[in-house]
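For reference, the chains in residue letters:
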Amino acid sequence: WIREVRKMLTEVVGGDVGTSVTLDRPAEEVAAVTAGVGVQKEAESWAQHLRNLVEMEWIEEQRQVRERLIDWPLDRLLSEGLALIGLCAELLSQLSPGRLRVRFTVA
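Anyway, here's the lowdown on the structure attached to this text. Computed from a predicted structure; not experimentally measured.

### A short note on the overall build of the protein chain
Piece 1. Along the protein chain, the regular secondary structure elements total three helices and two strands.
Piece 2. Counting from the amino terminus, the protein chain carries its helices and strands in the arrangement α-α-α-β-β.
Piece 3. For the protein chain, the proportion of its 107 residues judged to be buried stands at 12%.
Piece 4. Sequence-distant contacts, at least 24 apart, represent 13% of the contacts inside the protein chain between residues at least 6 apart.
Piece 5. Only carbon and sulfur atoms are counted for the fraction: they give 57% of the accessible area of the protein chain, which is about 9,000 Å².

### Overview of the pairing of strand E1 (residues 87–96)
Piece 1. One ladder, built from eight bridges, connects E1 with strand E2 (residues 99–106); its direction is antiparallel. Residue Cys88 lies in a different strand from E2, and its bridge partner there is Thr105.
Piece 2. Linking E1 to E2, which pair antiparallel, is a turn of two residues; within it Gly98 sits at a positive phi near 85 degrees.

### Focus on the packing of aromatic side chains
Piece 1. In total, this model carries zero aromatic pairs according to the counting rule given.
Piece 2. Here the basic side chain of Arg76 rests over the ring of Trp72, its NZ or CZ set 3.7 Å away from the ring centre.

### Some remarks on the environment of Ile85
Piece 1. Counting through the fold element by element, Ile85 comes out in the loop between helix H3 (74–79) and E1.
Piece 2. For Ile85, a relative accessible area of 55% corresponds to the exposed category.
Piece 3. Ignoring any residue separated from it by four or fewer positions in sequence, one finds Ile85 in contact with Leu74 and Leu78.

### Points about the pattern of salt bridges
Piece 1. One pass over the structure, following the stated rule, counts three salt bridges.
Piece 2. Of the charged contacts, one joins Arg63 and Glu60 as a salt bridge, the two residues approaching to 2.6 Å between their closest N and O atoms. With Arg63 and Glu60 both in helix H2 (residues 27–71), this residue pair falls three residues apart, about one helical turn.
Piece 3. Take Arg63: its relative accessible area is 37%, and that puts it in the partly exposed class.
Piece 4. With its nearest N and O atoms 3.7 Å apart, the salt bridge here joins Glu90 to Arg103. Taken together, the residues span a long stretch of sequence, with Glu90 in strand E1 and Arg103 in strand E2 at a distance of 13 residues.
Piece 5. With a relative accessible area of 39%, Glu90 lands in the partly exposed category.
Piece 6. A single salt-bridge network, built from bridges that share partners, covers Glu60, Arg63 and Glu67.

Parameters at a glance
Residues numbered from 1 in each chain as written. Predicted model: local features only at pLDDT ≥ 70, side-chain atom pairs only at ≥ 80, totals over all residues. Heavy atoms only, no water. Helix = DSSP H or I, 4+ residues; strand = E, 2+ residues; numbered from the N terminus. Buried < 20%, exposed > 50% of the residue type's maximum accessible area, 1.4 Å probe, protein only. Contact = heavy atoms within 4.5 Å. Areas by Shrake-Rupley, 256 points an atom, 1.4 Å probe, with all protein chains shown as cover. Pairing = 2+ DSSP bridges. Phe/Tyr/Trp six-rings, centres within 6.5 Å; stacked < 30°, edge-to-face > 60°. Lys NZ or Arg CZ within 6 Å of the ring centre and 35° of its normal. Salt bridge = Lys/Arg side-chain N within 4 Å of Asp/Glu carboxyl O.

Without other data, these values stay purely geometric and don't point to any function.
Encoded structure:
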């Protein structure tokens, strides 16, 4: 992060940035530019963190559904609203090979 700030400062100042800097531009402009880099990196990092959390949650939900379908008795699946029985399927159309549009009705 510090290297990136130094790079941005070098661009803003127009020369090498050692341990001290003499600015030809207002400090507010330099601060805005360098803060933008940090904020953008933080935002990207946070967005990636959220994507990872959503992916982990999705994987866990899929695991739970598979576990329930395998381990739970049909009566429990029905009482929890996770299964329906006695339905009839009506083919409405074939959208593309392998993709069907179907209507389910109670028998």
